[in-house]
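These are the residues of each chain, in order.
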There are 2 protein chains.
Amino acid sequence: MQIAIVVYPGMTALDIVGPYEVLRCIPGADLRFVWTEPGPVIADSGVFVMAATHSFDETPAPDIVLIGGSGAASGTIAKNQQLLEWLRRTHETTQWTASVCTGSVVLAAAGLLDGKPATTHWSEMSVLKGLGAQAISDKRIVHTGKIVTGAGVSAGIDLALWLVGRIAGDDVARAAQLVIEYDPQPPYDSGSLQKATAATKRSVAAFVGREAKKLAVTEPRAFLRETTALSELAWRIAVRKARRHSPGRRRARGSSGAA
Amino acid sequence: MQIAIVVYPGMTALDIVGPYEVLRCIPGADLRFVWTEPGPVIADSGVFVMAATHSFDETPAPDIVLIGGSGAASGTIAKNQQLLEWLRRTHETTQWTASVCTGSVVLAAAGLLDGKPATTHWSEMSVLKGLGAQAISDKRIVHTGKIVTGAGVSAGIDLALWLVGRIAGDDVARAAQLVIEYDPQPPYDSGSLQKATAATKRSVAAFVGREAKKLAVTEPRAFLRETTALSELAWRIAVRKARRHSPGRRRARGSSGAA
């Protein structure tokens, strides 16, 4: 069973490393990390570098596709045509197409989530909705047909265990959980927006601000690129919304049906 | 604050990527991945490749050292003299020395856990004990002085949140938890030996057997190296046990005191 995990510049490493460590417990799992070309890919921290082992061209028909999310690079990645085309093409024959965190924003940008229920990182619900998905904010794993999306970053571990259960059975999934000793005991309880205090939310805003400032100082060109990409995404969402208001469009949608 | 995360051939990726994603939320965190030389390092799966960004020599006095574990390479890594010496030397000035999974076996091999309470992956408790630590099997995080050890693989996320709380305060730790949306909802409940059924334990044995067979077939030299390293570790533990039975040795230990 070929499992293709997408890696890309600016990705969040834990989004994909959590699922990878679980999915590799599937008997016969043949894992690969794909991007436009094999080679090094730098994550959002700027210090985490990992390899794309295969190109998209070398990976025309994986059984499973999984894409993770990103902080700053969400805009850029959601308009990478080579990626979007590969996602659309491979999705035709996958057994499962999966995303973690803002990976679902990319699936939505590829047109794979139109009208479908999906989730994402709590900070990107409106973007996911803007891109035409039915954004579900109170579930950690959302599946519809062969598409399964997970909430932010660490949710990929839960999602992958669920997926292993579907693919290889509950016994193998339970074994994978024991292998990675996934008996979580977080020393705090502020892992979701519902549970976090206002002070915690302000601290997150400070972290995001620091990250953006760091990017602006150390990689001004990347910062400019991301900012432009995000405003392009905003434009695209605004245009989509405006088109939805057209009476003709509404009639056409009415007959297509949503999942 | 310089945070050095050790990477090495045969490591388990999630052991370190979990903590990395959390620790980078510390304001002013300066993260680096260290090994004998900068360059690519292949994890235990054989398909996950990531970069060591700095050498040991370039990293003489990090504020935090964190080492993760490994499946097959535990024996080899626990007798790498260059690593053990670097761990001993940097530990003299660290604020925190941390391990996840069988990383504590390496700390023990470096002599940093003599008589001290520590934990590790459930499968390696006897090895940890054999190397002179006081092996604690029912805790996910064990700390003593400035050393903190975590249980298997995914425990690194819990450990890192705990560590962020100590270093930057509870507010920052809670923010880190919200950033990675760590609100775990595992779809199964077999993440610890106490909770897993006999069938699940048998499935894990099958997975470990497959991994060893894969290594024997695809990389016979690595397989031979690991097997030799493990038996050397067993010898070392046996000799340590035998020396403990010597009455003279016992007297000497009696005066040194344990944590």
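Here the structure is a predicted model, which means the values were calculated and not measured.

What should I look at first to understand the nonpolar core in this one?
Here is a general trend for soluble globular proteins: nonpolar side chains tend to be buried in one another's company. Judged by nonpolar contacts, the single largest core of 157 residues is most densely connected at A:Phe48, A:Leu83, A:Leu87, B:Phe48, B:Leu83 and B:Leu87. Sequence-distant contacts of B:Leu83, defined by excluding residues within four places in its chain, comprise B:Val6, B:Trp35, B:Phe56, B:Ile67, B:Ile77 and B:Val106.

Looking at this model, I keep getting lost on unusual backbone geometry. Mind explaining?
Leaving glycine aside, a negative phi is the common case for residues, and trans is the common case for peptide bonds. For A:Cys101, which is not glycine, the phi torsion reads 60° and is therefore positive. Within the element layout of this structure, A:Cys101 appears in the loop between β7 (96–99) and α4 (103–109). The buried category is assigned to A:Cys101, whose relative accessible area is 3%. Of note in this structure, B:Glu181 is not a glycine but carries a positive phi near 40°. Within the secondary structure layout, B:Glu181 lies in the loop between α7 (170–179) and α8 (198–218).

Before we go on, may I ask you to explain the UniProt feature "domain: DJ-1/PfpI" (unreviewed entry) in chain A in this structure?
Feature annotation in UniProt assigns "domain: DJ-1/PfpI" (unreviewed entry) to the following positions: residues 2–164 of chain A. Split by type, residues 2–164 of chain A is 30% helix and 25% strand. Its first and last C-alpha atoms lie 14 Å apart.

Quick question: what am I supposed to make of the sheet that holds strand β11 (residues 147–150) of chain B here?
Residue and element names in this part refer to chain B. Spatially, 7 strands are ordered β5-β2-β1-β6-β7-β11-β10 in an open sheet, and the strand pairing comes out mixed. Both edges of this open sheet fall to β5 (54–55) and β10 (141–144), since each of them pairs with a single strand only. Sheet analysis places strand β1 (residues 2–6) next to strand β2 (residues 30–35), joined by 5 bridges and oriented parallel. Opposite Ile3, over in β2, you have Leu31 as the bridge partner. Strand contacts of helix α3 (residues 81–91): β1, β2, β6 (64–67), β7 (96–99) and β11, with the helix running at about 150° to β6, the strand carrying the most contacts. Taken strand by strand, helix α6 (residues 155–168) contacts β6, β7, β10 and β11, and its axis lies near 165° from that of β7.

Please explain the pairing of strand β3 (residues 39–42) of chain B as it appears in this structure.
On a regular strand, each side chain points to the face opposite its neighbour's, so the side chains alternate between the two faces of the sheet. Residues and elements named next belong to chain B. One ladder, built from 4 bridges, connects β3 with strand β4 (residues 49–52); its direction is antiparallel. From the neighbouring strand, Gly39 faces β4, where its bridge partner is Ala52. Between β3 and β4, which follow one another and run antiparallel, lie 6 residues, and Gly46 among them has a positive phi close to 85°.

Please explain the environment of A:Ile157 as it appears in this structure.
Here A:Ile157 lies in helix α6 (residues 155–168). With a relative accessible area of 0%, A:Ile157 lands in the buried category. Taking the C-alpha atoms as reference points, A:Ile157 and A:Gln177, 20 residues apart in sequence, are found 9.3 Å from one another. Not counting residues within four places of it along the chain, the set of residues in contact with A:Ile157 comprises A:Gly18, A:Val22, A:Ile180, A:Tyr182, B:Leu14 and B:Ile157.

Definitions and limits used
Residues numbered from 1 in each chain as written. Chains lettered and ligands numbered in written order. Predicted model: local features only at pLDDT ≥ 70, side-chain atom pairs only at ≥ 80, totals over all residues. Heavy atoms only, no water. Core = buried A, V, L, I, M, F, W, Y, C linked by side-chain atoms within 4.5 Å. Buried < 20%, exposed > 50% of the residue type's maximum accessible area, 1.4 Å probe, protein only. Contact = heavy atoms within 4.5 Å. Helix = DSSP H or I, 4+ residues; strand = E, 2+ residues; numbered from the N terminus. UniProt positions renumbered as here; feature names shortened; annotations may be inferred. Pairing = 2+ DSSP bridges. Axes fitted to C-alpha atoms, helices over the stretch in contact; angles between N-to-C directions.

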